[in-house]
Amino acid sequence: MGTHHILDGCINCGACAAVCPVNAIADTGDVHVIDKEVCIDCGACDEVCPVDVIRWETTA
């Protein structure tokens, strides 16, 4: 099982949140974070991140 995760290096541009079809990405003020309970793992956010800090994270 896994989910998408935003790594350190997020520049808080909001590109990922703008394309998320289920509003799983929130602005914390400093960075954006993905709510793994809401995320449907579509990958749209990964494709638009200008600093390439969104990754698929496998969880046990």
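Every chain's residues receive numbers from 1 upward, in the order its sequence appears when written. Local features are withheld for residues below a pLDDT of 70 in this predicted model, meaning they are given only at 70 or higher, and side-chain atom pairs are given and counted only at 80 or more; totals for whole chains, interfaces and linings count all residues. In computing side-chain properties, one takes all heavy atoms of the structure into account and sets aside hydrogens as well as water.

Asker: Quick question: what am I supposed to make of the overall build of the protein chain here?
Answerer: Along the backbone of the protein chain there are two helices and four strands. Working definition: helices are DSSP H or I runs of at least four residues, strands are E runs of at least two. Numbering for both runs from the N terminus. Going from the N terminus to the C terminus, the protein chain shows its helices and strands as β-α-β-β-α-β. For 60 residues, the compact-globule estimate of 2.2 N^0.38 gives 10 Å, and the protein chain sits close to it at 10 Å. Overall, the protein chain is about 30 × 20 × 20 Å in size when its C-alpha atoms are taken along their principal axes. Only protein chains enter the accessibility calculation, which uses a 1.4 Å probe. A residue is then buried if its area is under 20% of the maximum for its type, exposed if over 50%, and partly exposed in between. Put simply, the protein chain has 60 residues, and 32% of those count as buried. Long-range pairs, those at least 24 residues apart, make up 57% of the contacts in the protein chain with a sequence separation of at least 6. To measure how exposed things are, a 1.4 Å probe is used in the Shrake-Rupley method; for residues, cover is taken only from the protein chains shown. Of the roughly 3,800 Å² of accessible surface on the protein chain, a fraction of 51% belongs to carbon and sulfur atoms. Only the C-alpha atoms count toward the radius of gyration. The rule for a globule is 2.2 Å times the residue count to the power 0.38. In what follows, a contact means two residues having at least one pair of non-hydrogen atoms within 4.5 Å.

Asker: Explanation requested: the environment of Cys49 in the structure shown.
Answerer: Inspection of the secondary structure assignment puts Cys49 in the loop between α2 (44-48) and β4 (54-58). C-alpha of Cys49 to C-alpha of Ile6: the two residues are 43 residues apart in sequence and 9.7 Å apart in space.

Asker: I would appreciate a short explanation of the state of the cysteines in the present structure.
Answerer: Here is the idea: a disulfide is a covalent bond, and it sits between the sulfur atoms of two cysteines. When two cysteine sulfur atoms lie within 2.5 Å, the pair is treated as a disulfide. One pass over the structure, following the stated rule, counts zero disulfides. No disulfide involves Cys10; its nearest neighbouring cysteine sulfur is the one of Cys16, lying 6.0 Å away. Of all cysteine sulfurs in the structure, the one in Cys42 sits closest to Cys20, which takes part in no disulfide; the separation is 6.1 Å. With a relative accessible area of 14%, Cys20 lands in the buried category.

Asker: I keep staring at the environment of Ala18 and nothing clicks. Help me out?
Answerer: With respect to the helices and strands, the residue Ala18 is situated in helix α1 (residues 15-19). Between the C-alpha atoms of Ala18 and Val48, which are 30 residues apart in sequence, the distance is 9.5 Å.

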